[in-house]
Amino acid sequence: MNGLGGHPQTTTLSDRVYGIVRENLRSGVYKPGEKITHRAIASQVGVSVTPVREAITRLVSEESLSMEGPKTIKAPSLGRSDLEEITKLRVNLEGWAAELAAGNASTTFIRELEQHHLVYCAHRRANDSKAKIVANAKFHFALYAQSKAPRLLTIIDNLWVTIGPTLGLLANRGLEDNDGERFHDAAIAALKARNAAAVQAAIVNDILTARVKILQILKPE
């Protein structure tokens, strides 16, 4: 991929670490308020501490991570009011992205989305909570990417980075029900029927159902 003036863009070690930590946040790998150390990330990725420090500084500046001291870096931890604000944003933005995606969805894309869903279902039935939540994120972002609205996708991605650790709290509880499967099935059926409003409704219902479950976990403010 070329940047301005035709010069090739290079990916640095810092960029790589940044992408991995963001994905971990988005996919609920970290718990809310979990302490994240430079050395632990360096060991995980297989790099020195320097690119990790650069990536963490970037994530803190974006407010994707919080720095409570020189060596105390934590994953986002949401209160009930934070959850309500983010849920309203997600309902509007992700619902819109799903609606736009419906207008762009080809038969080939729908088959690809079905494969993402099958992976999600397999992990749920295997009681693999971590893999399930990663598969859930892949399903949603595959759908939203089909909106062909890159700025919208960036905003949604930032919201998921913030709420990801909190959504991760549902991983084990979600193994006990099939809500995610039902909403994914409904979205896929609506895509096949070319019913944009129904695709939007399936995603919105998924988000609102998660909200109710999270509120049962979060402590009152």
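Here the structure is a predicted model, which means the values were calculated and not measured.

> Requested: an account of the side chain of S147, with residues and values cited.
Topologically, S147 is positioned in the loop between helix 6 (129-145) and helix 7 (150-167). On the accessibility criterion, S147 (6% relative accessible area) is buried. Polar contacts involving the side chain of S147 include one to the main-chain carbonyl oxygen of Y144, which spans 2.6 Å. If we ignore the near neighbours within four places in the chain, the residues touching S147 are A97, L100, A101 and N104.

> Provide a residue-level description of the layout of surface pockets, including the pertinent values.
Here the largest pocket is characterised by a volume of approximately 320 Å³. In terms of lining, the largest pocket is formed by 16 residues, of which the most central are G28, V29, K31, K130 and G168. At the level of elements, helix 6 and helix 8 (170-174) are the ones that each hand at least two residues to the lining of the largest pocket. Ranked by the residues each element gives to the lining of the largest pocket, the list is headed by helix 6, at 4 residues. For the lining of the largest pocket, the per-class residue count stands at 8 nonpolar, 5 polar and 3 charged. Computed from the structure, the second largest pocket encloses a volume of approximately 220 Å³. Contributing to the lining of the second largest pocket are 13 residues, with T37, H38, R39, V49 and K71 lying nearest its centre. Of all elements in the fold, only strand 1 (35-36), helix 2 (38-45) and helix 3 (49-61) reach the threshold of two or more residues within the lining of the second largest pocket. Looking at which element gives the most residues to the lining of the second largest pocket, the answer is helix 3, with 4 residues. Within the lining of the second largest pocket, the residues separate by chemical class into 6 nonpolar, 3 polar and 4 charged.

Conventions we followed
- Residues numbered from 1 in each chain as written.
- Predicted model: local features only at pLDDT ≥ 70, side-chain atom pairs only at ≥ 80, totals over all residues.
- Heavy atoms only, no water.
- Helix = DSSP H or I, 4+ residues; strand = E, 2+ residues; numbered from the N terminus.
- Buried < 20%, exposed > 50% of the residue type's maximum accessible area, 1.4 Å probe, protein only.
- Polar contact = N/O pair within 3.5 Å; in protein donor to acceptor, adjacent residues only side chain to side chain.
- Contact = heavy atoms within 4.5 Å.
- 1 Å grid on protein atoms, 1.4 Å probe; cavity = no way out; pocket = protein on both sides within 12 Å on 5 of 7 lines; lining within 4 Å.
- Points joined across faces, edges and corners; volume = space filled by probe spheres on them.
- Nonpolar A, V, L, I, M, F, W, Y, C, P; charged D, E, K, R; others polar.

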